[in-house]
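What follows is each chain in one-letter form.
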Amino acid sequence: MALIPFDDRDGTIWFNGELIPWRDAQIHVLSHALHYASAVFEGQRAYNDSIFKLEEHTERLFNSARILDFEIPYTEAEINEACNQVKDANGLTDGYFRPVAWRGPEMMGVSAQETKIHVAIAGWEWPSYFSPELREKGIRLSMSEWRRPGPDSAPTKSKAAGLYMICTLSKHAAERDGYEDALMLDYRGQVAEATGANVFFVLDGKIHTPTPDCFLDGITRRTVIDLAKARGYEIIERAIMPEEMEGFEQCFLTGTAAEVTAVGEIGPYSFEVGEITRNLRDDYEKLVRGE
Ligand code: PMP
């Protein structure tokens, strides 16, 4: 299937306060964000005509901006409303939504004090991040050579564009080697997360997941932890070393795009798609669809 470029589609995009034709949502080449990564974004999904945890995503967008030292010039309620306008104007009952906020072209240099803050929200249909067959077998992850930086080296609590540079490099290396994604360690050598999703493991009926102290504490991650607790599963958040994967029985990723995705392999380690993974995947699917 030919790719449809994201700048050449029908529909409308919310751009600095109004819905405008999709192809008109343009920015200048000297925008600060393009040169210095002064941009933050969200990824959210609608199921059955409702954007799942919209308020939490909007709150995170505003926090991400504050961490990058800028204020979004709207209220959270206005951004929530704008996301729903994009959903309705584009007829997206099930879709993916991408709010983004960035610094404009008023200044060109490291300092960006006087730049104007822009906000746009686009939405499009997005069935599944990984194919249904892969979701049954479990996806395969390589081990990335890039490490997540520590909180004193990067604004790790922000969903900031710049943090994705090493994610793209990791994912490209994984895809070149025939894997679907990559697992990244952190600056201490502990297991961190995949390139756009959090990671969980199962050992002896208990669920282990890394403490999110240098990577995004995903909204899906927190949702799945609640679902696991509701089923009576024990959740252990702790530092996990890569060698421990040898003994883990199951592994899955969580994320707005990935939902709950079983992992069959990470580098030399293999996992079964077991009952706990399948139960949480089903529980998550029911929850997001409001069933
Ligand atoms: N980590 C990274 C690097 C991500 O890009 C995402 C997706 N936003 C996640 C984790 C999962 O976050 P969420 O569950 O909030 O989508």
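Residues numbered from 1 in each chain as written. Predicted model: local features only at pLDDT ≥ 70, side-chain atom pairs only at ≥ 80, totals over all residues. Heavy atoms only, no water.

### Remarks on the overall build of the protein
Now for step 1: Each helix and strand in the protein was counted, giving seven helices and 16 strands.
Now for step 2: Here the C-alpha atoms of the protein give a radius of gyration of 19 Å, agreeing with the 19 Å that 2.2 N^0.38 yields for 291 residues.
Now for step 3: Dimensions along the principal axes, computed over C-alpha positions, put the protein at roughly 55 × 40 × 40 Å.
Now for step 4: Classification of the 291 residues of the protein by burial places 52% in the buried group.
Now for step 5: Contacts spanning at least 24 positions in sequence make up 68% of the contacts within the protein whose residues lie at least 6 apart. (Helix = DSSP H or I, 4+ residues; strand = E, 2+ residues; numbered from the N terminus. Rg over C-alpha atoms; globule rule 2.2 N^0.38 Å. Buried < 20%, exposed > 50% of the residue type's maximum accessible area, 1.4 Å probe, protein only. Contact = heavy atoms within 4.5 Å.)

### Regarding the site of the ligand
Now for step 1: Near the ligand there are 14 residues, and of these Tyr164, Glu193, Ile219, Thr220 and Thr256 occur at the shortest range.
Now for step 2: Here an oxygen atom of the ligand and a side-chain polar atom of Tyr164 are 2.4 Å apart.
Now for step 3: Here an oxygen atom of the ligand sits 2.8 Å away from a polar atom, N or O, in the main chain of Ile219.
Now for step 4: Alone, the ligand offers 380 Å² of accessible surface; in the complex the protein occludes 94% of this.
Now for step 5: Split by residue class, the shell around the ligand holds four nonpolar, seven polar and three charged. (Near = heavy atom within 4 Å. Polar contact = N/O pair within 3.5 Å; in protein donor to acceptor, adjacent residues only side chain to side chain. Areas by Shrake-Rupley, 256 points an atom, 1.4 Å probe, with all protein chains shown as cover. Nonpolar A, V, L, I, M, F, W, Y, C, P; charged D, E, K, R; others polar.)

### Comments concerning the domain arrangement of the protein
Now for step 1: Partitioning the protein into structural domains gives domain 1 (12–124) and domain 2 (132–288).
Now for step 2: Contacts between the two partners involve 17 residues from domain 1, matched on the other side by 20 residues from domain 2.
Now for step 3: In this assembly, domain 1 and domain 2 are joined by two salt bridges.
Now for step 4: Taking the shortest distance from any N to any O, the salt bridge between Glu259 and Arg45 comes out at 3.6 Å.
Now for step 5: For the pair domain 1 and domain 2, the interface holds nine residue pairs in polar contact (both at pLDDT 80 or more).
Now for step 6: Listing elements by their share of the side of domain 1 that touches domain 2, those giving two or more residues are strand E3 (39–41), strand E4 (44–47) and helix H2 (54–67).
Now for step 7: Examining the composition of the side of domain 1 that touches domain 2, we find that five residues originate from one element, H2, more than from any other.
Now for step 8: Counted by class, the side of domain 1 that touches domain 2 contains eight nonpolar, four polar and five charged residues. (Domains from an automatic or database assignment. Salt bridge = Lys/Arg side-chain N within 4 Å of Asp/Glu carboxyl O.)

### Some thoughts on the packing of H2 against helix H3 (residues 76–89)
Now for step 1: Direction vectors running N to C along H2 and H3 enclose 125°, while the axes themselves pass 10 Å from each other. Considered as vectors, H2 and H3 are oriented oblique to each other. Crossing geometry of H2 relative to H3 is assigned as right-handed. Across the interface between the two elements, Leu54, Glu55, Thr58, Glu59, Leu61 and Phe62 of H2 pack against Glu76, Ile79, Asn80, Cys83 and Asn84 of H3.
Now for step 2: Of the residues belonging to the contact of H2 with H3, the class tally is five nonpolar, three polar and three charged. (Axes fitted to C-alpha atoms, helices over the stretch in contact; angles between N-to-C directions. Parallel < 35°, antiparallel > 145°, perpendicular 65-115°, else oblique. Left-handed = near helix turned anticlockwise from the far one by under 90°.)

### Focus: the pattern of salt bridges
Now for step 1: All told, the structure shown has 19 salt bridges when counted by the stated rule.
Now for step 2: A salt bridge links Glu237 to Arg221; its shortest N-O distance comes to 2.7 Å. Remark: Arg221 occurs in helix H6 (residues 219–230) and Glu237 occurs in strand E13 (residues 235–238); sequence separation between them is 16 residues.
Now for step 3: Assessed through its relative accessible area of 41%, Glu237 is described here as partly exposed.
Now for step 4: Salt bridges sharing partners connect three or more residues here, namely Glu56, Asp217, Arg221, Arg222 and Glu237.

### Brief notes about the packing of aromatic side chains
Now for step 1: All chains considered together, the criterion is met by ten aromatic pairs.
Now for step 2: Centroid distance Phe6 to Trp124: 4.9 Å. Interplanar angle 65°. Geometry classified as edge-to-face. On the criterion of sequence distance, the pair formed by Phe6 in the segment before strand E1 (12–15) and Trp124 in strand E7 (residues 117–124) is long-range, its members being 118 residues apart.
Now for step 3: The class of Phe6 is partly exposed, set by a relative accessible area of 48%.
Now for step 4: Centroid distance Trp14 to Tyr74: 5.2 Å. Interplanar angle 65°. Geometry classified as edge-to-face. Residue Trp14 is located in strand E1, and its partner Tyr74 is located in the loop between H2 and H3; the two are separated by 60 residues in the primary sequence.
Now for step 5: Classification of Tyr74 as partly exposed rests on a relative accessible area of 21%.
Now for step 6: One aromatic cluster in this structure is built from Phe6, Tyr96, Trp124 and Trp126.
Now for step 7: Over the face of the ring belonging to Phe6 we find Arg9, whose NZ or CZ atom lies 3.8 Å from the ring centre.
Now for step 8: Between Arg140 and the ring centre of Tyr179, over which it is positioned, the NZ or CZ distance is 4.5 Å. (Phe/Tyr/Trp six-rings, centres within 6.5 Å; stacked < 30°, edge-to-face > 60°. Lys NZ or Arg CZ within 6 Å of the ring centre and 35° of its normal.)

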